[in-house]
Amino acid sequence: MKSKAKLTHPGKAILAGGIAGGIEICITFPTEYVKTQLQLDEKANPPRYRGITDCVSQTVRHHGVKGLYRGLSSLLYGSIPKSAVRFGVFEILSNQMKDEAGKLDSTRGLVCGLGAGVMEAVLVVCPMETIKVKFIHDQTSANPKYRGFFHGVREIIRTQGIRGTYQGLTATVLKQGSNQAIRFFIMTSLRNWYKGDNPNKSINPIITGAFGAIAGAASVFGNTPLDVIKTRMQGLEAHKYKSTMDCAMKIMQHEGPAAFYKGTVPRLGRVCLDVAIVFIIYEEVVKVLNKVWKTE
């Protein structure tokens, strides 16, 4: 008789997800900064940066090493609830969709990931990313106007209203939904393959990290165009675009198809590391919580 897989309590998933998200963003933020700068560096301006190395060197030269962390506060404040929502919603949905043996197949993993991605986009990611992009873009101005996270948020809401923190919502929902659908599909597939007929088989953190990196890479190649559009829709020059579709058409018309993959290399490095770290920390925190927080 096959053993039944244990279910993860949503409360544990929310707590573990929040902890994992906070630690991860502190480690990987510089790559996110560089990715966003390259995506905002439109050809028509002309470009300020010749590539990743030039972007890093210019930033450090003009703003010091701490310049690579401009906008961290907005992401840190958002990453904790983002990961909490992501893993909490995923566990809630997966607990409902697992079969009698407690196993979640790949297709259902994709559906649960999609649901988790859409929820995190609407509740956390869109306002967080809009503020982050505005902060980073503001630093490229001759006279930066945002003095910090809370000052920036107040200014954005004062001048643009709450709607100002929801620029690019459609693109963000598409990006996050497809992101998590791809990642959880890959993770579910790899976990099922590794565990075989033993759903409660323990997975070494190194293997979890490797699976996470593979899932992260797949999501990058699958939706970087959506990430580029989202970034443009949330920048300080977002007024140039009437809609998500209009933004995509203008990028294609003025910059060509290659522009949809600007920032792919730094994003690939960040996302692979990001997803690997998040899944490792999440799984390890859940293991600890299972020992100190009895829910069965």
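None of the values given here were measured: they were computed from a predicted structure.

Rules behind the numbers
- Residues numbered from 1 in each chain as written.
- Predicted model: local features only at pLDDT ≥ 70, side-chain atom pairs only at ≥ 80, totals over all residues.
- Heavy atoms only, no water.
- Patch = residues over 30% accessible without salt bridge, like charges linked within 9 Å, V, L, I, M, F, W, Y side chains within 5 Å.
- Areas by Shrake-Rupley, 256 points an atom, 1.4 Å probe, with all protein chains shown as cover.
- Salt bridge = Lys/Arg side-chain N within 4 Å of Asp/Glu carboxyl O.
- Helix = DSSP H or I, 4+ residues; strand = E, 2+ residues; numbered from the N terminus.
- Buried < 20%, exposed > 50% of the residue type's maximum accessible area, 1.4 Å probe, protein only.
- Axes fitted to C-alpha atoms, helices over the stretch in contact; angles between N-to-C directions.
- Parallel < 35°, antiparallel > 145°, perpendicular 65-115°, else oblique.
- Left-handed = near helix turned anticlockwise from the far one by under 90°.
- Contact = heavy atoms within 4.5 Å.
- Expected span 1.5 Å × (residues − 1).
- Phe/Tyr/Trp six-rings, centres within 6.5 Å; stacked < 30°, edge-to-face > 60°.
- UniProt positions renumbered as here; feature names shortened; annotations may be inferred.
- Polar contact = N/O pair within 3.5 Å; in protein donor to acceptor, adjacent residues only side chain to side chain.

Where nonpolar side chains cluster on the molecular surface, the patch consists of L15, I19, I23, I27, L273, V288, V292 and W293 and spans about 700 Å² of accessible area. For the nonpolar patch, the elements supplying multiple residues, two or more each, are α1 (10–40) and α9 (264–292). Residue contributions to the nonpolar patch peak at 4 residues, all from α1. Among the secondary structure elements, I19 is positioned in helix α1. Overall, the relative accessible area of 36% leaves I19 in the partly exposed class.

This model, assessed by the stated rule, comprises 8 salt bridges. Notably, a salt bridge pairs D138 with R70, separated by 3.7 Å at the nearest N-O pair. Of this pair, D138 sits in helix α4 (residues 106–139) while R70 sits in the loop between α2 (52–63) and α3 (72–97), and the two are 68 residues apart along the sequence. Residue D138 is classed as buried on the basis of its relative accessible area, which comes to 1%.

Moving on, we come to the packing of helix α6 (residues 169–195) against α9. The packing of two helices is summarised by the inter-axis angle and the distance between the axes. The geometry of α6 relative to α9 is characterised by a closest axis approach of 13 Å and an angle of 60° between their N-to-C directions. Accordingly, the angle class assigned to the pair α6 and α9 is oblique. Here the hand of the crossing between α6 and α9 comes out right-handed. Contacts between α6 and α9 involve K175, N179, R183, F184, M187 and R191 from the first element and R267, V271, V275, F279 and E283 from the second.

On to helix α5 (residues 149–160). Given a rise of 1.5 Å per residue, 12 residues ought to cover 16 Å, and the 16 Å separating the end C-alpha atoms of α5 matches this to within 8%. Following α5 by one or two positions, G161 has its phi on the positive side, about 75°.

The next point concerns the packing of aromatic side chains. One pass over the structure, following the stated rule, counts 8 aromatic pairs. Judged by centre distance (5.6 Å) and plane angle (85°), the rings of F87 and F279 are edge-to-face. Of the two residues, F87 is situated in helix α3 and F279 in helix α9; the sequence distance between them amounts to 192 residues. Neither F87 nor F279 differs from the other in exposure class; each is buried. Ring centres of F184 and F279 lie 5.7 Å apart, and the angle between their planes is 75°; on these two criteria the pair is classed as edge-to-face. Placement of the pair is F184 in helix α6 and F279 in helix α9, with a sequence separation of 95 residues. Here F184 falls in the buried class, since its relative accessible area comes to 1%. Among the aromatic residues, those joined into a cluster by ring pairs are F87, F90, F184, F279 and Y282.

Let's shift gears to the environment of F185. One can find F185 in helix α6. Taking C-alpha positions, F185 is 5.4 Å from S106, a pair spaced 79 residues apart along the chain. When near neighbours in sequence (up to four residues on either side) are disregarded, F185 contacts S106, T107, G109, L110 and Q180.

Let's shift gears to the UniProt feature "repeat: Solcar" (unreviewed entry) in the protein chain. Under the present numbering, the feature "repeat: Solcar" (unreviewed entry) in UniProt falls on residues 8–96, 107–193 and 203–288. Secondary structure within residues 203–288 divides into 78% helix and 0% strand; the distance between the first and last C-alpha atoms comes to 14 Å.

Moving on, we get to the environment of R108. Of note, R108 is situated in helix α4. The sequence separation of R108 and Q160 amounts to 52 residues, and the corresponding C-alpha distance is 40 Å. Sequence-distant contacts of R108, defined by excluding residues within four places in its chain, comprise M97, K98 and D99.

Right, let's get into the side chain of Q176. Among the structural elements, Q176 can be located in helix α6. Side chain to side chain, Q176 and E120 meet in a polar contact 3.1 Å long. If we skip the residues at most four places from it in the chain, Q176 touches G117, E120, A121 and V125.

Let us look at the side chain of D54. In this structure, D54 sits in helix α2. Polar side-chain contacts of D54 include one of 2.9 Å to the backbone nitrogen of R50. Setting aside chain neighbours within four positions, we find D54 in contact with R48 and Y49.

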